[in-house]
Amino acid sequence: MAQSYRPHPGDAIDARVAEFANLPGNAACKALFCRLAQGSYLFGTQRATLRLGAHEELQALLGGAWVPLEEFVRRSEPAQGVHLERAREVACASAAFAAGPLSAPAPRLVSALG
């Protein structure tokens, strides 16, 4: 089973980041979020400032304007493509590992002594 994003205790912004990152459609981007301090994150290699808006929606500062986090991620993905691809590979490998061993027989050990 793939790991989930776990929020920093007592941080409402990070709790919302966890909700967003742990949605099934956001499996690849969850590995890109790294909390630096309350409201301050790395998204891959890009620094991001996040806040809760007037209606408690998660927003990111992008080009001097506050935008929904979904838009920030969508617009930031092209620059983070290499990191997203690596996160997808890790997620797929984790899922394969969690599924258990393949049905192929285990290799036999052959002794040089006969």
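Residues numbered from 1 in each chain as written. Predicted model: local features only at pLDDT ≥ 70, side-chain atom pairs only at ≥ 80, totals over all residues. Heavy atoms only, no water.

Novice: Hey, could you run me through the overall build of the protein in this one?
Specialist: Per the secondary structure count, the protein includes three helices and five strands. Of the regular secondary structure in the protein, the N- to C-terminal order runs α-β-β-β-β-β-α-α. (Helix = DSSP H or I, 4+ residues; strand = E, 2+ residues; numbered from the N terminus.)

Novice: Sorry if this is basic, but what is going on with the environment of Cys29 here?
Specialist: On the secondary structure map, Cys29 appears in the loop between α1 (12-21) and β1 (33-37). Note on Cys29: relative accessible area 5%, which makes it buried. Once the C-alpha coordinates of Cys29 and Glu77 are considered, the two residues, 48 residues apart in sequence, prove to be 8.6 Å apart. (Buried < 20%, exposed > 50% of the residue type's maximum accessible area, 1.4 Å probe, protein only.)

Novice: Explanation requested: the nonpolar core in the structure shown.
Specialist: Grouped burial of nonpolar side chains is what soluble globular proteins tend to show. Among the nonpolar cores identified, the biggest contains 20 residues, and Val17, Phe33, Leu50, Leu69, Phe72 and Val73 are the most heavily contacted of them. If you list the elements that add at least two residues to this core, you get α1, β2 (40-43), β3 (46-52), β4 (58-62) and α2 (69-76). A total of five residues in this core trace back to one element, the largest contributor, which is α1. Setting aside chain neighbours within four positions, we find Phe72 in contact with Phe43, Gln46, Ala48, Ala60, Leu62 and Val67. (Core = buried A, V, L, I, M, F, W, Y, C linked by side-chain atoms within 4.5 Å. Contact = heavy atoms within 4.5 Å.)

Novice: It is not clear to me how the side chain of Lys30 should be interpreted in this structure. Could you clarify?
Specialist: Assignment of secondary structure puts Lys30 in the loop between α1 and β1. Here Lys30 is buried and forms no salt bridge, its nearest opposite-charge partner Asp14 lying at an N-O distance of 13 Å. Lys30 has contacts with Gln3, Ser4, Tyr5, Ala21 and Asn22, leaving out every residue within four places of it along the chain. (Lys, Arg positive; Asp, Glu negative; His and termini not counted. Salt bridge = Lys/Arg side-chain N within 4 Å of Asp/Glu carboxyl O.)

Novice: Help me understand unusual backbone geometry, please; the structure alone is not making it clear to me.
Specialist: Most peptide bonds take the trans configuration, and most residues that are not glycine carry a negative phi. The backbone phi angle of Glu56 is positive, close to 65 degrees, even though this residue is not glycine. Looking at where Glu56 falls in the secondary structure, it is placed in the loop between β3 and β4.

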